[in-house]
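Remarks on the overall topology
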Amino acid sequence: MKSFGMDSQVSQNMTIKGETAKQQKVEMAPKSELIKEPLQMHQIEVDTSGQGVQNVEQYITDSGIYSQTGGRWLSTECQGSTDACYEIMRIVTGCYQL
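A few points on the structure. (Residues numbered from 1 in each chain as written. Predicted model: local features only at pLDDT ≥ 70, side-chain atom pairs only at ≥ 80, totals over all residues. Heavy atoms only, no water.)

**A word on the overall build of the protein**
The secondary structure content of the protein amounts to one helix and eight strands. Counting from the amino terminus, helix and strand elements in the protein follow one another as β-β-β-β-β-β-β-β-α. For the protein, the proportion of contacts with a sequence separation of at least 24, taken over those separated by at least 6, is 25%. Counting every atom, the protein has about 7,100 Å² of accessible surface; 49% of that belongs to carbon and sulfur. (Helix = DSSP H or I, 4+ residues; strand = E, 2+ residues; numbered from the N terminus. Contact = heavy atoms within 4.5 Å. Areas by Shrake-Rupley, 256 points an atom, 1.4 Å probe, with all protein chains shown as cover.)

**Considering the pattern of salt bridges**
Opposite charge on two side chains lets them pair, provided their charged atoms get close. For the structure shown, the criterion picks out one salt bridge. The closest approach of N and O atoms between Glu27 and Lys25, which form a salt bridge, is 3.4 Å. (Salt bridge = Lys/Arg side-chain N within 4 Å of Asp/Glu carboxyl O.)

**A closer look at the environment of Val56**
Among the secondary structure elements, Val56 is positioned in strand β6 (residues 54-61). Overall, Val56 belongs to the partly exposed group, its relative accessible area being 22%. For the pair Val56 and Gly70, spaced 14 residues apart in sequence, the C-alpha separation works out to 7.9 Å. Apart from the residues within four sequence positions on either side, Val56 is in contact with Gln43, Ile44, Glu45, Gln68 and Thr69. (Buried < 20%, exposed > 50% of the residue type's maximum accessible area, 1.4 Å probe, protein only.)

**Details of the pairing of strand β2 (residues 10-16)**
Sheet analysis places β2 next to strand β3 (residues 22-28), joined by seven bridges and oriented antiparallel. For Thr15, the partnering residue across the bridge sits in β3 and is Gln23. Here β2 folds back onto β3 in antiparallel fashion, the turn holding five residues. (Pairing = 2+ DSSP bridges.)

**Some details on the side chain of Glu45**
Mapping Glu45 onto the fold places it in strand β5 (residues 40-47). Beyond its immediate chain neighbours, meaning those up to four positions away, Glu45 contacts Met28, Ala29, Pro30, Gln54, Asn55 and Val56.

**Regarding a nonpolar patch on the surface**
Together, Tyr59, Tyr66 and Trp73 give the surface a local cluster of nonpolar side chains, amounting to about 300 Å² of exposed area. Secondary-structure assignment places Tyr59 in strand β6. (Patch = residues over 30% accessible without salt bridge, like charges linked within 9 Å, V, L, I, M, F, W, Y side chains within 5 Å.)

**Remarks on the pairing of β6**
The pairing of β5 with β6 spans eight bridges and is antiparallel. Each residue of the ladder has a partner; that of Asp47, found in β6, is Gln54. Bridge analysis of β6 against strand β7 (residues 64-69) gives five bridges, and the strand direction is antiparallel. The residue of β7 that forms the bridge with Glu57 is Gln68.

Printed below as a string of structure tokens:
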């Protein structure tokens, strides 16, 4: 497989423990596209939990992670090797054999 795309719907009910337990409902609808050569991923996520609708767009490459949220772009370099970005893509997509 050289590339793939996926759309998913995630709905979770979480209990946050502290002095008092707090329930939180998480609703997400991520859309992802992954290409193996060169290793890169594009993801758009709509999060409707918490404080209204939040849109997040990310590009993950062998050189870094580029994220946009709230109209601002942030970047994080992958330190030392492509392994860190590869691991992030594996976790985000749930695909264990990229």
